[in-house]
Every structure is written in structure tokens, then in C-alpha cells.
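Now for the letters of each chain:
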Amino acid sequence: MRILFCSDTFPAASQFLEQRLGPPKDEIVICPGDEILTALDGVDVVIPLMCPIDAAVMDAGRFRLIQQWGAGLEGVDVFAAQQRGIKVANVPATGNNADSVAEHAILLTIALLRNLPAAQANVRAGRLGAPLGRMLASRNVCLYGLGATARAVARRLRAFDVRLLGITRDPHAPKVAEFGLDACYSVIDREACLAQTDVLILCARLSRETQGMMDANALRALRPGAYLVNAARGALIDYDALYSALKSAHLAGAGLDVYWKEPIAPDDPLLALPNVIATPHVAGVTDRSYDEIADAVAANIERFRRREVPLNCSV
């Protein structure tokens, strides 16, 4: 079969899949995101990565499976796929992927609290004993969205002796007990939680309901001097509201691994702010996470080859 990666970003993904499939059995093709329409000839399976797969793309090819490398399907027109009899599947963000994202969220949190960019600049300038950092211990850390990633973050944060808060649709759901939270709030009552928060870690899925959920009102509700960490999806935050909150120093800093359009432009004004630490969507890009994802993707392609329904199939 011919398998198309719809972007030349996330370069290790195709390498991991090729170890499991690849020649001579299968052909793995990589194309830039703006050349998808010209690369669909003979393609059986499309792997979107971060590229949108809409009705026009579907009509331009004859592929019958859209298999995401990871969990996010917000760029895929699932309804259009259903109308055309195209299967859409993903790999849930559990196991090593959730653990990898959790580790990265904590990395960003500590880097913000210790002002890592200034510390690195001081080393290069020969300056000792600055900047003054802030401890994570005893801080109020809020997990917004209680899924697999939040569970992995919570498990690790207990060792830092923080006070764990949560925001979710149903704070009385049975699963909430698994997180060991000190307090949990509903989305409706989120401002009461945000007012106590020193570090907010976004763990929510992107949907119509959650897009832009961190707007100006939500950011204003955060305790002055709070930090925001986002390794989930960029569109969870209103860009202008975040820029304003950081520029005014209402937010002490933001750690971002995901963006509104990816890759984020190198000259984006947000990246010029001294209180922003940015990484290139690498929270889930680890050896063990990619091993797990590649196994799942390869298994689904084999199921598709045998004309079986792929696992974790949306349509």
C-alpha cells in the first residue's frame, strides 16, 4: 500500500512507521502540507499530522483510511469522511504518550518558575546567583481537563508537594477520585478555581466547546502573577487575550508547546516576550511514545489491509 504523511514536520514519525512497514511491502511518502493535493495519486492511507483533511482533499484522492499519528482529529472533517465511506482512526493519548506530555508540562512549569532563559543568559554573561527563582512546592497547580494526560501530570506533581486543583465538566464523576485532587470545580465555577491558581496546566481536548476557552475573562480570573502551561492545543487559548495578559504582567509567564497555526511564525510577537518559553510541539515526541504510536498505527494499517475495521475508529 501507499501511505502518505501529509507534512514534512514531525520527521521521526515516518521513520518509526517505516521500521514496522515500509519497503518492499509498503511505500511511505512524505509531502509538504501545501502539496497534499498533488501527492494523492495511488495513496491508500493518509496520515494527517497537523494538516487539515477536508472534503476537497478527500475528493482529490482514492484513499479509504485516514489514520492520525496520535489523538487529535480536529483537523479532519469526520462528517465528510463518513459521507464518502472513508474510515477515520486515531491513537488515544494514553500510556507513554500521556506520560511524555506530562513530563514536558512539568519541564515547562519548572523552567518558568526558575526563569530558565534568564539563567542561561546569565551563564553566557558570566553572572552568578541570578535570577531569583520560585519553588514549585506548596503552589496551587490547576489541571484544566481531567483526562489521561492530566492523570499522568497529577501522579508526578504529588512528589513536588503541591496543592492540586482540577476543572472538569463533572467534578462528581467517579474518575475524579483517581486524581487525588485537593479540590475540583466544574467548568461553570472555574473562576473560583482560577482565582486560587499559581500554575494552570491545560489538559483539555480541543472542540467547539473548548476552543478559545481561555479568553480575556478567564485569564483575568487567574491569580495575578500566575503561570500558564499549554501542551494540549494552541486554540484552547485566545491569542490576543494571552498576549495582553503577558504584556501587562498579569500573567508572570507562559510555557507553550502548541500554537494557533503550526509551525508558529518565528517573528510572531508572542515569541519576543521575555516571559514566554516556547518549544516546537515536542511534548509527545519521545522514543517510547513514538514506539507505542507506531505500533498502533501499523496494527491499524494491517487491519485495513485485511479489510477489518480499524481500532479507535470514529467512522
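Residues numbered from 1 in each chain as written. Predicted model: local features only at pLDDT ≥ 70, side-chain atom pairs only at ≥ 80, totals over all residues. Heavy atoms only, no water.

**A few points about the nonpolar core**
Counting residues in each nonpolar core, the largest one holds 34 residues, and the members touching the most others are L200, L202, M214, L219, L242, L251 and L256. In terms of residues, this core owes the most to one element, helix 9 (residues 239-247), which gives four residues. Membership of the second largest hydrophobic core comes to 29 residues, among which are V141, A154, V199 and Y227. (Core = buried A, V, L, I, M, F, W, Y, C linked by side-chain atoms within 4.5 Å. Buried < 20%, exposed > 50% of the residue type's maximum accessible area, 1.4 Å probe, protein only. Helix = DSSP H or I, 4+ residues; strand = E, 2+ residues; numbered from the N terminus.)

**Quick look at unusual backbone geometry**
Residue P131 is bonded to the preceding A130 through a cis peptide linkage, with omega at 10°. Position of P131 relative to the elements: it lies in the loop between helix 5 (116-124) and strand 6 (140-144). For the bond from E262 to P263, the omega torsion is 0°, close enough to zero to count as cis. Within the element layout of this structure, P263 appears in the loop between strand 11 (251-256) and strand 12 (276-278). For D161, which is not glycine, the phi dihedral falls at a positive 60°.

**A word on the pairing of strand 11**
Counting buried positions along strand 11 gives five out of six residues, so the element sits mostly inside the fold. Where strand 10 (residues 226-230) lies against strand 11, five bridges are found, and the strand directions are parallel. Opposite A226, over in strand 11, you have L251 as the bridge partner. For the crossover that starts at strand 10, traverses helix 9 and ends in the parallel strand 11, the hand is right-handed. As paired strands, strand 11 and strand 12 are joined by three bridges and run parallel to one another. Counterpart to L256 in the pairing with strand 12 is A278. (Pairing = 2+ DSSP bridges. Right-handed = clockwise from strand over helix to strand, strands pointing away.)

**Digging into the state of the cysteines**
Summed over the entire model, instances satisfying the criterion amount to zero disulfides. C51 forms no disulfide, and the closest cysteine sulfur to it belongs to C6, at a distance of 6.0 Å. Taking the relative accessible area as the measure of exposure, C51 reaches 11% and is therefore buried. (Disulfide = S-S within 2.5 Å.)

**Some words on the environment of D170**
On the secondary structure map, D170 appears in the loop between strand 7 (163-168) and strand 8 (183-186). Placed 97 residues apart in sequence, D170 and L73 show a C-alpha to C-alpha distance of 24 Å. In this structure the side chain of D170 is engaged in a polar contact, spanning 3.0 Å, whose partner is the backbone nitrogen of H172. (Polar contact = N/O pair within 3.5 Å; in protein donor to acceptor, adjacent residues only side chain to side chain.)

**Thoughts on the packing of helix 4 (residues 95-113) against helix 10 (residues 287-305)**
Where helix 4 meets helix 10, the closest approach of the two axes is 8 Å, and the angle between their N-to-C directions is 150°. Between helix 4 and helix 10, the interaxial angle falls into the category roughly antiparallel. In this structure, helix 4 meets helix 10 at a crossing whose hand is left-handed. Counting all contacts with helix 4, which are made through G95, N96, N97 and S100, the residues of helix 10 involved are R288, S289, E292 and I293. For the contact of helix 4 with helix 10, a count of residues per class yields one nonpolar, five polar and two charged. (Axes fitted to C-alpha atoms, helices over the stretch in contact; angles between N-to-C directions. Parallel < 35°, antiparallel > 145°, perpendicular 65-115°, else oblique. Left-handed = near helix turned anticlockwise from the far one by under 90°. Contact = heavy atoms within 4.5 Å. Nonpolar A, V, L, I, M, F, W, Y, C, P; charged D, E, K, R; others polar.)

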